[in-house]
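Geometric and topological summary
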Amino acid sequence: MTVLVTGTAGFIGNHVALRLLEAGHQVVGIDCLTPYYDVRLKTARLARLTAFPGFREERIDLADFEEVARVFEVYRPRRVVHLAAQAGVRYSLENPRAYVDSNLIGTFTVLEGCRSVGVEHLVFASTSSVYGANREQPFSEHHPADHPLTFYAATKRANEMMAHSYAHMFKLPSTGLRFFTVYGPWGRPDMALFLFTQAILKGEPIKVFNHGDMVRDFTYIDDIVSGILHVLDTPPLPVTSLAPLPDPATSPVAPFRVYNIGNSRPVTLLRYIDLVEEALGMTARKIMLPMQLGDVPGTWADVSDLHADTGYQPETPVEEGVRRFVEWYRSYYNV
Ligand code: NAD
């Protein structure tokens, strides 16, 4: 089967593409290697994929409508995993334009590509950030998600609505996945685990926002990849958590769904730092700071819907996941 994956030089897309190639699928990978963070890391991730004869790389910008249309026409994929995006909550305070180009226009071109070749199932990335500062925990797909705190979250929530409308108007079956803080080997240099590990090893202080009281549902990359592949293989169900659909028997709608995908065992930031210190055998120098604009005090995924529909079950305790990240970091950077 040919699967088109966007964001194959990125953290999650790279792991997904690798798992699909190992399972014998053909993968077409789209990524333009944006300079948001270290492009050498992205190139090294891509090198893990180019070793497979079933991998085709298309280095194009998703905001380029004609190029995206060409790729869909040439490969005519049956399934699409759309993970490319301008990620990062804080960066959307500095450069909102990047989120319009990659997340809004980029998702539009993917939806149009899917429509043009009649893709059977589109699975796309959303985020726990759509819940904003929702106080009701754990976050459930049945809670409102109408008050995003950052422009990043707003574009991701818009992606869910765009996909919902394509399911309705053009019978494109799709599933959105709200990821909860993903970490693991080959992880993102702008995220806490990478920054903490890097700073501690260099003997530099680390910035601890909200005095370490923030709670996050850190989710190990392998559990995210398994969840994505479970969903990709499960035809989407004719229900929606965004809005009641008309009677599917009389209406030309396609199935659409959003699911949380997280570890469902949140820990405080201070506990997370403890685990990094233990894994490194070193002590961090901490600079305690207040909460930053756009941050939320806590995230915690209710994954019961995903479990009921696909059997998804996260397996990696955060202690183990942090150890595996630190091991990868030390060997990759030879430190
Ligand atoms: P990442 O930044 O590592 O990967 C995204 C990739 O998309 C990058 O390689 C980038 O070059 C590519 N890209 C961006 N804009 C593009 C464009 N216009 N055209 C072509 N390629 C483009 O991020 P990630 O952590 O792998 O995130 C994957 C997806 O999951 C994103 O949609 C992100 O919003 C979402 N997400 C991630 C997390 C997390 O904790 N990592 C949490 C919630 C949601």
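Residues numbered from 1 in each chain as written. Predicted model: local features only at pLDDT ≥ 70, side-chain atom pairs only at ≥ 80, totals over all residues. Heavy atoms only, no water.

1. Structural notes on the UniProt feature "domain: NAD-dependent epimerase/dehydratase" (unreviewed entry) in the chain
The UniProt record marks residues 3-234 with the feature "domain: NAD-dependent epimerase/dehydratase" (unreviewed entry), using the residue numbering of this structure. Counting secondary structure, residues 3-234 comes out at 45% helix and 17% strand; the distance between its end C-alpha atoms is 15 Å. (UniProt positions renumbered as here; feature names shortened; annotations may be inferred. Helix = DSSP H or I, 4+ residues; strand = E, 2+ residues; numbered from the N terminus.)

2. Side note on the packing of aromatic side chains
Here the structure, examined in full by the defined rule, presents 24 aromatic pairs. Residues F65 and F108 carry aromatic rings whose centres are separated by 5.9 Å and whose planes lie at 25 degrees to one another, so their mutual orientation is stacked. Of this pair, F65 sits in helix 3 (residues 65-75) while F108 sits in helix 5 (residues 96-117), and the two are 43 residues apart along the sequence. Taking relative accessible area as the criterion, F65 reaches 35% and is therefore assigned partly exposed. Of the residues examined, F108 reaches a relative accessible area of 35% and is grouped as partly exposed. When the centroid spacing of 6.0 Å and the interplanar angle of 70 degrees are considered together, the rings of Y99 and Y152 count as edge-to-face. (Phe/Tyr/Trp six-rings, centres within 6.5 Å; stacked < 30°, edge-to-face > 60°. Buried < 20%, exposed > 50% of the residue type's maximum accessible area, 1.4 Å probe, protein only.)

3. With respect to the site of the ligand
Around the ligand sit 29 residues in total, of which D31, Y37, Y152, K156 and V182 are the nearest. Residue S102 places a side-chain N or O atom 2.9 Å away from a nitrogen atom belonging to the ligand. Burial of the ligand by the protein chains amounts to 97% of its free accessible area of 830 Å². Of all elements in the fold, only helix 1 (11-22), strand 5 (121-127) and helix 6 (151-170) reach the threshold of two or more residues within the shell around the ligand. Ranked by residue count, the leading element in the shell around the ligand is strand 5, at 3 residues. Of the residues belonging to the shell around the ligand, the class tally is 17 nonpolar, 7 polar and 5 charged. (Near = heavy atom within 4 Å. Polar contact = N/O pair within 3.5 Å; in protein donor to acceptor, adjacent residues only side chain to side chain. Areas by Shrake-Rupley, 256 points an atom, 1.4 Å probe, with all protein chains shown as cover. Nonpolar A, V, L, I, M, F, W, Y, C, P; charged D, E, K, R; others polar.)

4. Topic: the environment of V335
Secondary-structure assignment places V335 in the segment after helix 11 (318-333). Residues contacting V335, with those up to four places away along its chain left out, are L201, Y329 and R330. (Contact = heavy atoms within 4.5 Å.)

5. So, the pairing of strand 4 (residues 79-82)
Note on strand geometry: in a regular strand, side chains alternate between the two faces of the sheet. Along strand 4, one buried face is formed by R79 and V81 and the opposite face, lined by V80 and H82, is buried too. Pairing of strand 1 (residues 2-6) with strand 4 involves 4 bridges; the strand directions are parallel. Bridge pairing links L4 to V80 in strand 4. One ladder, built from 4 bridges, connects strand 4 with strand 5; its direction is parallel. Bridge pairing in strand 5 places V81 opposite V123. (Pairing = 2+ DSSP bridges.)

6. Focus on helix 7 (residues 192-202)
Listed in full, the buried residues belonging to helix 7 are L193, F194, F196, T197, A199 and I200. As for helix 7, its buried residues are in contact with helix 2 (39-50), strand 7 (182-183), strand 8 (206-208), helix 9 (269-280) and helix 11. Directly beyond the C-terminal end of helix 7, a positive phi value near 75 degrees is found at G203.

7. Comments concerning the packing of helix 2 against helix 11
Between two packed helices, both the angle of their axes relative to each other and the distance between the axes serve to describe the pair. Where helix 2 contacts helix 11, the two axes come as close as 14 Å, and the packing angle between them is 100 degrees. As judged from the angle between their axes, helix 2 and helix 11 are roughly perpendicular. On the side of helix 2, the interface is formed by R40, L41 and A44, while helix 11 contributes W328, Y332 and Y333. Looking at the contact of helix 2 with helix 11 residue by residue, the class counts come to 5 nonpolar, no polar and 1 charged. (Axes fitted to C-alpha atoms, helices over the stretch in contact; angles between N-to-C directions. Parallel < 35°, antiparallel > 145°, perpendicular 65-115°, else oblique.)

8. Things to note about the confidence of the model for the chain
A residue-level look at the chain finds 94% of positions with pLDDT of 70 or above and a mean pLDDT of 93. Here residues 239-243 scores under 50 on pLDDT; set against residues more than four positions off or in separate chains, the count is 12 contacts. (pLDDT = per-residue confidence, 0-100.)

9. Thoughts on the sheet that holds strand 3 (residues 55-58)
Strand order in the open sheet formed by 7 strands is 3-2-1-4-5-6-11, and the pairing between neighbours is parallel. Whereas interior strands pair on both sides, the edge strands pair on one side only; in this sheet they are strand 3 and strand 11 (256-261). Here the strands of the sheet are splayed against their neighbours by 20 degrees on average, with no regard to which way each runs. For strand 2 (residues 26-30) and strand 3, the ladder comprises 4 bridges, and the chain directions are parallel.

10. Some words on the pattern of salt bridges
Inspection of every chain in the model, using the stated rule, returns 23 salt bridges. E277 serves as the salt-bridge partner of K286, at 3.9 Å between the closest nitrogen and oxygen. Take E277: its relative accessible area is 13%, and that puts it in the buried class. Its salt-bridge partner being E320, residue R323 comes within 2.9 Å of it at the nearest N-O pair. Of the two residues, R323 and E320 are both situated in helix 11; the distance of 3 residues between them amounts to about one turn of the helix. Where salt bridges share partners, they join R78, R79, E120 and D233 into one cluster. (Salt bridge = Lys/Arg side-chain N within 4 Å of Asp/Glu carboxyl O.)

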